[in-house]
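Listed below, chain by chain, are the residues.
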Amino acid sequence: MYTYAWYHWLTFFYIYCFFGWIFESAYVSLRERRFVNRGFLRMPMLPLYGTGAVMMLWVSLPVKDNLLLVYLSGVIAATLLEYVTGYVMELLFKVRYWDYSDQKYNLNGYICLSSSIAWGFLTILMTEVIHRPVEHFVLSLNPVLEWSILAFITVPFLSDIIQSTRDALDLARALEAATKLRGELDELQVQIALLKAELSQDIQERREEQEERLQSFRQELLEFHETQKEERRLRRKNQEERLHALNDILSEKTAALRQQLASRRRRNILRRNPSAASRQFAAALKELKESFEEHTSRKWL
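Residues numbered from 1 in each chain as written. Predicted model: local features only at pLDDT ≥ 70, side-chain atom pairs only at ≥ 80, totals over all residues. Heavy atoms only, no water.

A. Just helix α3 (residues 67-93), in detail. Spanning 27 residues, α3 covers 38 Å between terminal C-alpha atoms, matching the ideal 39 Å at 1.5 Å per step. One side-chain oxygen at the N-terminal end of α3 lies 3.0 Å from the backbone nitrogen of leucine 68; it belongs to asparagine 66. Lysine 94 sits one or two residues past α3 and shows a positive phi near 65°. (Helix = DSSP H or I, 4+ residues; strand = E, 2+ residues; numbered from the N terminus. Expected span 1.5 Å × (residues − 1). Polar contact = N/O pair within 3.5 Å; in protein donor to acceptor, adjacent residues only side chain to side chain.)

Structure representation (C-alpha cells):
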C-alpha cells in the first residue's frame, strides 16, 4: 500500500492539497456566512494539507498495523509540521494565516491541543479509509496520463506559489510601512498638541504680565509692551507657520497610510484569510482589515 514511485507521491500531494482546500473553504465559508477562498494560494489547493497527508503516510509506514501508534505518529508529525510552518510564515510575512490564540492549551498560537488531537484521528481516517480509494485511483492511471496531469498542474502551481509569496511579502512590507506611518502620525499629533499648548500658555502669560505691570508701571508697561508685542507677533507667526507645516505633513502621512491600506492585492489575501493576525503589526493589520471591511460595505451598498 505504501510503496509508490516518486511521481505517485506528487500526485497524492496535489490530491490532498485539493481535499484540504475543500474542507477549509467549506468550514470557513460556513463560519463567515460567505464564500472564502481559503489558503495562501489563489488556486484551490492548500499545500499544508498536502504536505501533512504525505507526512502522515510516511510516519505511519513503520507502524501501520498498530492503530495507537498510527494515531500518536500522526499527532506528533502533523503538530510539528503545523508549528514550524506557522512560525516560518509569520517570520517571513509578518502575518499568521491561522491562529489558535483563542483556543485552550495553545502554544504561541501556532498549535493547540484540540487541533493536535484531531490530527491524530485524521491520520487514522486517512490511512484506513480515505487513502485506499485515492491509492486505487492513482495506481490505476496510465503513466503517460499521470505525467501529463502532473505537468498540467505543476506549472500553474509553482507560478501561484511565486506570485502568492510576492503578494504576502508585499503585505508584510505594507504592514511595516503602515505601522511606521502610524507612529509618525502619532508623533506629529503630539507635537501639534504641544505647540497648541505652548501658544495657549504664551497668551495666558502675556495677559498676566500685562495686568501686573498695569498696576505699578503703567507708562513703563506701555513702552515695554510695544517692543514685546512685536516680538510675540513674530514668535506667534513662526509658531503658526510651524503648526501649518506639521498639519501639512500630517495630511501627507495620512494619505500615505490610506494608500498602503488601499491595495487590491492586500485586500484579496486578507479576504482569503479572515482570521489572519500579527503580533508585531497588530494595529496596522487591524486598520487594513477595517479598510477592507469598509471597502466591502461600500461595494455592496
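Next comes the rest of the account.
B. Broad picture of the side chain of aspartate 160. Mapped onto the secondary structure, aspartate 160 falls in helix α5 (residues 143-216). A polar atom in the side chain of aspartate 160 sits 3.1 Å from the backbone nitrogen of arginine 42.

C. Fine view of the environment of valine 70. Its place among the elements puts valine 70 in helix α3. When its relative accessible area of 1% is taken as the criterion, valine 70 is described as buried. Separated by 53 residues in the primary sequence, valine 70 and threonine 123 place their C-alpha atoms 7.1 Å from one another. Here valine 70 is in contact with Ser60, Val63, Lys64, Thr123, Ile124 and Thr127, once residues within four sequence places are set aside. (Buried < 20%, exposed > 50% of the residue type's maximum accessible area, 1.4 Å probe, protein only. Contact = heavy atoms within 4.5 Å.)

D. Spatial organisation of the packing of helix α2 (residues 47-60) against α3. Relative orientation of the contacting elements α2 and α3 amounts to 145°, with a least axis distance of 9 Å. Crossing of α2 against α3: the hand is right-handed. When α2 is examined against α3, the residues Leu48, Thr51, Gly52, Met55, Met56, Val59 and Ser60 are found in contact with a partner set consisting of Val70, Ser73, Gly74, Ala77, Ala78, Leu81 and Thr85. For the contact of α2 with α3, the class distribution of residues is eight nonpolar, six polar and no charged. (Axes fitted to C-alpha atoms, helices over the stretch in contact; angles between N-to-C directions. Left-handed = near helix turned anticlockwise from the far one by under 90°. Nonpolar A, V, L, I, M, F, W, Y, C, P; charged D, E, K, R; others polar.)

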